Amino acid sequence: MQIRSGYAAAMFAALPVVTLAAALALLSRAHTPPLTAPSTIEHVVVISVDGLRPEMILPPRLAGLPNFARLLQGPHTLDARTDAQITVTMPNHVSMVTGRPMFGPYGHNWTYNDIVSAANAEITLHTNKGAYITSMFDVAHDAGISTSIAFNKTKFWLFEQSYGWVAGAPDTTPPDNGQAKIDVVLFAEHTNDISGAIADRLRRQTKRSLDFVHLGAPDIAGHSYDWNIEAGSRYCASVTEVDHGLGLILEAIDGDAELRGHTAIILTSDHGGGMPRKTHTDLSCPINFHIPFLVWLGDGVAPSDLLDLNPDRARLGRDEIGERDAQSQPIRNGDAANLALELLGLPPIPGSFYGFKSPLRLAPLPATARN
Ligand SMILES: [Zn+2]
């Protein structure tokens, strides 16, 4: 396990320069999004379960997954979608942290799915796009929130390369929280090491926090065997392993009065699977695009259909993936970024798309507003 901290690096951050952009940023922060989420949330954990088919967390399989069952006690949909044009890991995770689709007017343009080699350490999301791509880490960190990323695949170093102290944008609004937008970057090979580390981080947390957690076991099982949801499969075992990891995080929240009732979890995936067999790259197969999107706001919140709560979003048929530029989008994994910020009471990411103009609603509109 490796743990790196960006705090020390913040000492090297450039002195703030007052620019027109800074003035505009200040103005945008004065804009408060419509209150669609509980205001008591101090900590948000965004969890991506790599290659999680939504069918896995339906009965009868759900009976063996008590922690997934608990996360389903809140607004959710098992009918969410990946990016409209790609079903591999990195482009979809870039969507999750930037709120952008891969291509189009708002595109992040990152298509590469392998590790960026050490020889190309200067390559970032920004050099690839030709412009800085603001992430949820930027908005949160500039607001004084403690941020982290923990992951199961080494290619996620892309995020450290893009949002570390070298490539991260200066914080132009006082106080200067530094250029490194991610305070803690953690890699571990095993799901439970990652979940345990995040549980420990939550327990020790003294600030508001935003953690992004990648759990890769189902994808590894899928590629090694297949995406078989029948009882006893290696894929099912991998999802059980993730369930145990979720339990470690939930246990930390349950055991701490400062976390309990003040912590939200957003859980989604980068893709389903697996067509062709042992992978998930056939863009003509809707099964690769189908993912869950769960929002857990603590115990005592009734389960609800996220698509019912957001009638402006498309409820697609099982065989549909939704056009990239359609006016009414399904809920996509790219919604995680701005929803996380919304839960923390922060404005959406400048330049982003999903949930930018209209934040996701997590509670019904008041009756008067519906008429
Ligand atoms: Zn994969």
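The structure under discussion appears in the preceding block.
Everything in this summary refers to the structure shown in the same document. (Residues numbered from 1 in each chain as written. Predicted model: local features only at pLDDT ≥ 70, side-chain atom pairs only at ≥ 80, totals over all residues. Heavy atoms only, no water.)

Observations concerning the pairing of strand β5 (residues 184–187)
Residues Val-184 and Leu-186 point to one face of β5 and Val-185 and Phe-187 to the other, with burial holding for every one of them. Here strand β4 (residues 146–151) pairs with β5 via 4 bridges, running parallel. Paired with Phe-151 across the bridge in β5 is Phe-187. (Buried < 20%, exposed > 50% of the residue type's maximum accessible area, 1.4 Å probe, protein only. Helix = DSSP H or I, 4+ residues; strand = E, 2+ residues; numbered from the N terminus. Pairing = 2+ DSSP bridges.)

What to know about unusual backbone geometry
Geometrically, the link from Pro-174 to Pro-175 is a cis peptide bond, its omega value of -5° lying close to zero. Relative to the helices and strands, Pro-175 resides in the loop between α6 (157–163) and β5. Pro-276 follows Met-275 through a cis peptide bond whose omega is -5°. The residue Pro-276 is located in the loop between β7 (263–268) and β8 (290–296) in this model.

Digging into the coordination of the zinc ion
As a benchmark, a tetrahedral metal site with four donors has ideal angles of 109.5 degrees, while an octahedral site with six donors has ideal angles of 90 or 180 degrees. Donor atoms from the polypeptide that bind the zinc ion are Asp-219 (OD), Asp-219 (OD), His-223 (NE2) and His-280 (NE2), placed at 2.1 to 2.6 Å. What the 4 donor atoms of the zinc ion show is an angle range of 54 to 154° at the metal, which sorts the shape as irregular. Counting residues between consecutive donors of the zinc ion along the chain gives the motif D-x3-H-x56-H. Placement of the pair is Asp-219 and His-223 together in helix α8 (residues 217–224), with a separation of 4 residues, close to one helical turn. (Donors = N, O, S within 2.8 Å, 3.2 Å for Na, K, Ca; no water. Tetrahedral: all angles 85-135°; square planar, octahedral: opposite > 155°, others 65-115°.)

A short note on the packing of α8 against helix α9 (residues 234–254)
Running from N to C, α8 and α9 point in directions that differ by 170°, and their axes come no closer than 8 Å. As summarised for this structure, α8 and α9 are arranged roughly antiparallel, according to the angle between their axes. Counted together, Ala-217, Pro-218, Ala-221 and Gly-222 of α8 and Arg-234, Tyr-235, Ser-238, Val-239, Glu-241 and Val-242 of α9 form the full contact between these two elements. The residue makeup of the contact of α8 with α9, split by class, is 6 nonpolar, 2 polar and 2 charged. (Axes fitted to C-alpha atoms, helices over the stretch in contact; angles between N-to-C directions. Parallel < 35°, antiparallel > 145°, perpendicular 65-115°, else oblique. Contact = heavy atoms within 4.5 Å. Nonpolar A, V, L, I, M, F, W, Y, C, P; charged D, E, K, R; others polar.)

A word on the packing of helix α7 (residues 191–204) against α9
Remark: α7 packs on α9, axes separated minimally by 8 Å, with the N-to-C direction vectors making an angle of 10°. In this view, α7 runs roughly parallel relative to α9, as classed from their interaxial angle. In this structure, α7 contributes Thr-191, Asn-192, Ser-195, Gly-196, Ile-198, Ala-199, Leu-202 and Arg-203 to the contact, and α9 contributes Glu-241, Val-242, His-244, Gly-245, Leu-246, Leu-248, Ile-249, Glu-251, Ala-252 and Ile-253. For the contact of α7 with α9, the class distribution of residues is 9 nonpolar, 6 polar and 3 charged.

Overview of the pairing of β4
With 6 of 6 residues buried, β4 is to be regarded as a mostly interior element. Burial along β4 is two-sided: Ser-146, Ser-148 and Ala-150 and Thr-147, Ile-149 and Phe-151, pointing in opposite directions, are all buried. Tracing the backbone out of β4, into α6 and back to the parallel element β5 gives a crossover that is right-handed. (Right-handed = clockwise from strand over helix to strand, strands pointing away.)

Here's the deal with the pattern of salt bridges
Throughout the structure, instances matching the rule amount to 17 salt bridges. The closest approach of N and O atoms between Glu-55 and Arg-318, which form a salt bridge, is 3.4 Å. Of this pair, Glu-55 sits in the loop between β2 (43–49) and α2 (66–71) while Arg-318 sits in the loop between α10 (306–309) and α11 (335–343), placing them 263 residues apart in sequence. Note that Arg-277 and Asp-226 form a salt bridge whose closest N and O atoms lie 3.3 Å from each other. On the criterion of sequence distance, the pair formed by Arg-277 in the loop between β7 and β8 and Asp-226 in the loop between α8 and α9 is long-range, its members being 51 residues apart. Its relative accessible area of 57% is what places Arg-277 among the exposed residues. On the basis of relative accessibility, which here comes to 19%, the residue Asp-226 falls in the buried class. Through salt bridges that share partners, Arg-53, Glu-55, Asp-79, Arg-81 and Arg-318 make up one connected network. (Salt bridge = Lys/Arg side-chain N within 4 Å of Asp/Glu carboxyl O.)

Some points on the packing of aromatic side chains
With the rule as written, the count across this model stands at 11 aromatic pairs. On the basis of an interplanar angle of 15° and a centroid distance of 5.6 Å, the ring pair of Phe-151 and Phe-156 is categorised as stacked. In this structure Phe-151 comes out as buried when scored by relative accessible area, which is 0%. Ring centres of Phe-151 and Phe-187 lie 6.0 Å apart, and the angle between their planes is 45°; on these two criteria the pair is classed as tilted. One end of the pair, Phe-151, is in strand β4; the other, Phe-187, is in strand β5, with 36 residues separating them in the sequence. (Phe/Tyr/Trp six-rings, centres within 6.5 Å; stacked < 30°, edge-to-face > 60°.)

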